Amino acid sequence: MEFNPTRLGPPQGAYVAVVGGCGGMGRALVKELVATQVHVAVLDLPSSIEDKPPLPEALVIPMDGSNEDQVKAAFDQLSQQWPRLDGFVNLAGYFKAFTPISELDTADFDEIISGNLRSHFLCARAALPLLFRSDQGAMVCVASTQAIDVIPNYTHYAAAKAGVVALVKGLARENAPRVRVNALAPGLTDTAFLTGGTGRDEIFEKVDSDRYAKRVPMRRMATAEDMTGPLLFLLGPASGFITGETLLIDGGLYVR
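Because the structure is predicted, anything quoted here is derived from the model rather than measured.

So, about the nonpolar core. Core analysis: the largest hydrophobic core is formed by 35 residues, its most contacted members being L43, F75, L78, L85, F88 and M139. Contributing elements (two or more residues each) for this core: β1 (15-19), β2 (39-44), β3 (59-62), α3 (68-81), α4 (106-131), β5 (137-142), α5 (155-175) and β6 (179-186). If you tally residues by element for this core, the top one is α4, at seven residues. Excluding its chain neighbours within four sequence positions, the residues that come into contact with F75 are L43, M63, L85, F88, C123, A126, A127 and L130. With 28 residues, the next largest nonpolar core counts V42, L91, L184 and L235 among its residues.

Take a look at the structure:
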C-alpha cells in the first residue's frame, strides 16, 4: 500500500474486518469504510446484529468473540469468502459490576476478562493468517484510557484493558514487519457502552455528560465519530511505520 496524502484510511478495494461493528464506534467506522469503497466484514454478537443491523454493503458474520469455537468458525468463513485481510479492528468490550475488588465476585471478574481480553487474544490469533496474505496488514485493538489511569471500582475492567495493551505490544514485536499492530485507548465516549453495551441489557443509568465535560480540557464527552479518524489512520498506509503503540483519545483528560 502506497501512502496517498489525500486519503486517511485504507485504499479503495482493501479488505477490513471489524469485530464489534454494530456498536457505536463500530457503526461510525463501518460507515466511513464503506463510503471510501473498502470491503467491510462485521463480526458481532447475534443480539447486537439484530439490535443495530449493519449496512447492506457489509459482510455480516455472527460471533461471540470470547467463544473459541465461534471465533474459529467465523474466521474460517471469512477466509473462504475473502482473499485476505488488509485491516482488522477489534472493538470487543463491555463493562459490568461497578464494585471494588474486595467485594467483586469471581464470576464477574472472569466474565470481564473473557469479554475484554480473551476475545482480543482469540480474534487476533484467528485474524493473523489472513493478515499475512496482505502486503501490509494492520491490526487495531481498542483498549481504554483505564489501562493506564485506573478509576476505583473499574479495576477488573482496567486490568483487562491493560492486558490488551500488553497483548498489542507483544503482537507488534512478534509479527513485524509483516503486520502492524496498534491500540486505540478512548476515554469516556457517548455510546451504548455507557449503559452496558450494544445488544446487552442496560445495567447503568446514563452518565451525566455535562458534568463529565467540565473535567475534560476539550469541554465535552467524546463521540463515536471522534474515534473514526484515528482508527482509519492506524489502518492505513499513512501510519505505515507505527507499530506497538497505544494512541490515547480522551480530549486531554489524561495529561491533566
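Formally, a disulfide is one covalent bond, and it connects the sulfur atom of one cysteine to the sulfur atom of another. A complete count under the given rule lists zero disulfides for this structure. The structure places no disulfide on C123, whose sulfur is separated from the nearest cysteine sulfur, that of C141, by 8.9 Å.

This part covers α4. Between the first and last C-alpha of α4 there are 35 Å, a value that for 26 residues agrees with the 38 Å anticipated at 1.5 Å per step. Along α4, the sharpest change in direction is near 40 degrees and occurs at S114.

Attention shifts here to the side chain of N175. Positionally, N175 belongs in helix α5. The exposure class assigned to N175 is buried, which follows from its relative accessible area of 9%. Once you skip the residues sitting within four places of it in the chain, N175 turns out to touch L128 and F132.

Here we take up the layout of surface pockets. A volume near 150 Å³ is recorded for the second largest pocket. Lining the second largest pocket are 13 residues, with R220, A222, D226, D250 and G251 sitting closest to its centre. Looking at the lining of the second largest pocket residue by residue, the classes come out as eight nonpolar, two polar and three charged.

With that out of the way, let us pick up the pairing of strand β4 (residues 87-90). Both faces of the sheet carry side chains from a regular strand, because those side chains alternate between them. Across the two faces of β4 the burial is the same, with G87 and V89 and F88 and N90 all buried. In terms of strand pairing, β1 meets β4 through four bridges, oriented parallel. Note that in β4 the partner of A17 across the bridge is F88. Relative to β5, β4 runs parallel, the two being bridged by four bridges.

Within a sheet, each strand pairs with its neighbour through backbone hydrogen bonds, oriented either parallel or antiparallel. Pairing within the open sheet is parallel, and its seven strands lie in the order β3-β2-β1-β4-β5-β6-β7. Lying at the two open borders of the sheet, with one neighbouring strand each, are β3 and β7 (246-249). Put simply, the sheet's adjacent strands are angled 15 degrees from each other on average, direction ignored. By the bridge criterion, four bridges tie β2 to β3 in an arrangement that is parallel.

Let us look at the pattern of salt bridges. Taken as a whole and assessed by the stated rule, the structure comprises five salt bridges. Across the salt bridge formed by D86 and R84, the nearest N and O atoms sit 2.9 Å from each other. A relative accessible area of 5% places D86 in the buried class. Two residues, D108 and K96, come together in a salt bridge whose shortest N-O distance is 3.4 Å. With D108 in helix α4 and K96 in the loop between β4 and α4, the pair connects residues that are 12 residues apart, well separated along the chain.

Scanning all chains against the criterion turns up five aromatic pairs. Ring geometry for Y15 against W82: centres 5.0 Å apart, planes inclined by 65 degrees, an arrangement best described as edge-to-face. Here W82 lies in the loop between α3 and β4 and Y15 lies in strand β1, a separation of 67 residues in the sequence. Note on accessibility: Y15 and W82 belong to one class, buried. Centre to centre, the rings of F75 and F88 are 5.9 Å apart; their planes meet at 70 degrees, and the pair counts as edge-to-face. In this pair, F75 sits in helix α3 while F88 sits in strand β4, placing the two residues 13 residues apart along the sequence. Summarising the burial analysis for this pair, F75 and F88 share the class buried. What links up through ring pairs into an aromatic cluster is the set F95, F98, Y154 and Y157. Here the basic side chain of R178 rests over the ring of F132, its NZ or CZ set 4.1 Å away from the ring centre.

What counts, and at which threshold
- By convention here, each chain's residues receive numbers from 1 onward along its written sequence.
- Local features are withheld for residues below a pLDDT of 70 in this predicted model, meaning they are given only at 70 or higher, and side-chain atom pairs are given and counted only at 80 or more; totals for whole chains, interfaces and linings count all residues.
- As a convention, hydrogens and water are excluded, and side-chain values are obtained from all of the structure's heavy atoms.
- By nonpolar core we mean a set of buried residues, namely Ala, Val, Leu, Ile, Met, Phe, Trp, Tyr and Cys, connected to one another through side-chain atoms within 4.5 Å.
- The rule is simple: take the accessible area with a 1.4 Å probe, protein chains only, and divide by the maximum for that residue type; under 20% is buried, over 50% is exposed, in between is partly exposed.
- Secondary structure elements follow DSSP: runs of H or I no shorter than four residues count as helices, runs of E no shorter than two count as strands, and numbering proceeds from the N terminus.
- Whether two residues are in contact is decided by their heavy atoms: any pair within 4.5 Å suffices.
- A pair of sulfur atoms, both from cysteines and within 2.5 Å, is called a disulfide here.
- What a helix is expected to span follows from its residue count: subtract one and scale by 1.5 Å.
- Note that the bend at a residue is defined as the angle between axes fitted to the seven residues ending at it and the seven residues starting at it.
- Grid spacing is 1 Å over the protein atoms alone, the probe is 1.4 Å, and a cavity is where that probe fits but cannot get out, while a pocket is an open set with protein on both sides within 12 Å along at least five of seven lines and lining residues have an atom within 4 Å of a point.
- Grid points are joined across faces, edges and corners, and a volume is the space filled by probe spheres set on the points.
- Under the convention adopted here, Pro, Cys and the residues Ala, Val, Leu, Ile, Met, Phe, Trp and Tyr are nonpolar, Asp, Glu, Lys and Arg are charged, and Gly plus all remaining residues are polar.
- In this analysis, strands are considered paired if DSSP registers two or more bridges between them.
- Convention adopted: a line fitted to C-alpha atoms gives each axis, helices being fitted over their contacting stretch, and angles between N-to-C directions are expressed from 0 to 180 degrees.
- Take a side-chain nitrogen of Lys or Arg and a carboxyl oxygen of Asp or Glu: if they are within 4 Å of each other, that pair is a salt bridge.
- Only the six-membered ring of Trp is used, alongside the rings of Phe and Tyr, when aromatic pairs are assigned; centres must lie within 6.5 Å, and planes under 30 degrees apart are stacked while those over 60 apart are edge-to-face, with the rest tilted.
- Definition used: whenever NZ (Lys) or CZ (Arg) falls within 6 Å of the ring centre and also within 35 degrees of the ring normal, the charge is taken to sit over that ring.

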